[in-house]
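Below are the chains, spelled out letter by letter.
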Amino acid sequence: TLTPAAIAAAVTAATADRDSAKPPMFTESNPTRWFITFESYLSTRNIKDKKRQFDSLWSRLTEEQMDIAGSGIELVDQEQRYDTAKAALLARFTLTEAEVFDKLVNMPQLGNALPSQQLLTMRNIAGAKQKNEFFRHFYLRTIPKNIVDLYARTTTDLGAFAKLTDDLVPEG
């Protein structure tokens, strides 16, 4: 049986593990998703102070990213540095609609990837734009035609389709 002291020690250890965990380094490939994860990290640790938020963000950047986010940052009020750096990173690394379109149009066929892996890659590129008919069209273009023919008869959910067809694609 667990004693109250043992339970308290386990809770303290779990809290220490959670609090010592750091968010991943900033990723340029999907900055919006990274900021959602990062701000969740700040929220779960109750980090509301703007200076601490900025310091946490700064610690997750490479030198090159610091150059982008920090251009003139010393002139910005400390309370605004986090928002200023975030805006600079999002402006620099978020793909424009034209860039998303070009990447999706030029997506290669599956190659060695499974349909679900291809879908994940394309969703990372498209971000919020993945909910439209163009995205579905571009994804289906990367899947062998004989497998796409199943699509109309199975499901309209791309995620379910990708998982269903993973077993149908020969390993490359």
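Residues numbered from 1 in each chain as written. Predicted model: local features only at pLDDT ≥ 70, side-chain atom pairs only at ≥ 80, totals over all residues. Heavy atoms only, no water.

K.L.:
Mind showing me how you'd approach the overall build of the protein here?
P.N.:
Along the backbone of the protein there are ten helices and zero strands. From first element to last, N terminus to C terminus, the protein shows the α and β order α-α-α-α-α-α-α-α-α-α. Each of the 172 residues in the protein was classed as buried or not, and the buried ones make up 30%. The long-range share in the protein, meaning contacts at least 24 apart out of those at least 6 apart in sequence, stands at 53%. When the accessible area of the protein is evaluated, it comes to approximately 10,900 Å², of which 56% is carbon and sulfur surface. (Helix = DSSP H or I, 4+ residues; strand = E, 2+ residues; numbered from the N terminus. Buried < 20%, exposed > 50% of the residue type's maximum accessible area, 1.4 Å probe, protein only. Contact = heavy atoms within 4.5 Å. Areas by Shrake-Rupley, 256 points an atom, 1.4 Å probe, with all protein chains shown as cover.)

K.L.:
Could you clarify how one ought to interpret the nonpolar core in this entry?
P.N.:
Nonpolar side chains tend toward joint burial in soluble globular proteins. Among the nonpolar cores identified, the biggest contains 17 residues, and Leu104, Leu119, Met122, Phe135, Tyr139 and Leu158 are the most heavily contacted of them. Sorting the residues of this core by element identifies α6 (97–105), α7 (115–126), α8 (133–141) and α10 (158–166) as the ones contributing at least two each. Listed in part, the 16 residues of the second largest apolar core include Phe26, Trp34, Phe54 and Ala69. (Core = buried A, V, L, I, M, F, W, Y, C linked by side-chain atoms within 4.5 Å.)

K.L.:
Where do I start with the packing of α7 against α10 in this structure?
P.N.:
Packed helices, taken two at a time, are described by the angle their axes make and the gap between the axes. Relative orientation of the contacting elements α7 and α10 amounts to 145°, with a least axis distance of 7 Å. Along its contact with α7, which presents Pro115, Ser116, Leu119 and Arg123, the element α10 presents Leu158, Gly159, Ala162, Thr165 and Asp166. For the contact of α7 with α10, the class distribution of residues is four nonpolar, three polar and two charged. (Axes fitted to C-alpha atoms, helices over the stretch in contact; angles between N-to-C directions. Nonpolar A, V, L, I, M, F, W, Y, C, P; charged D, E, K, R; others polar.)

K.L.:
What exactly am I supposed to notice about α7 here?
P.N.:
An α-helical turn contains 3.6 residues, so any two residues separated by three or four positions project in the same direction. If you check α7, its first and last C-alpha atoms are 16 Å apart, about what twelve residues at 1.5 Å a residue would give, namely 16 Å. Burial in α7 covers these residues: Pro115, Gln118, Leu119, Met122, Ile125 and Ala126. The buried residues of α7 occupy an angular sector of 120° when the element is viewed end-on, so they sit on one face. Along its buried surface, α7 packs onto α6, α8 and α10. Gly127, located one to two residues past α7, shows a positive phi value of around 60°. (Expected span 1.5 Å × (residues − 1). Arc of directions from axis to C-beta.)

K.L.:
Help me understand the environment of Val169 in this model?
P.N.:
Locating Val169 in the fold gives a position in the segment after α10. Taking the C-alpha atoms as reference points, Val169 and Leu114, 55 residues apart in sequence, are found 7.0 Å from one another.

Honestly, it's all geometry; don't read function into it.
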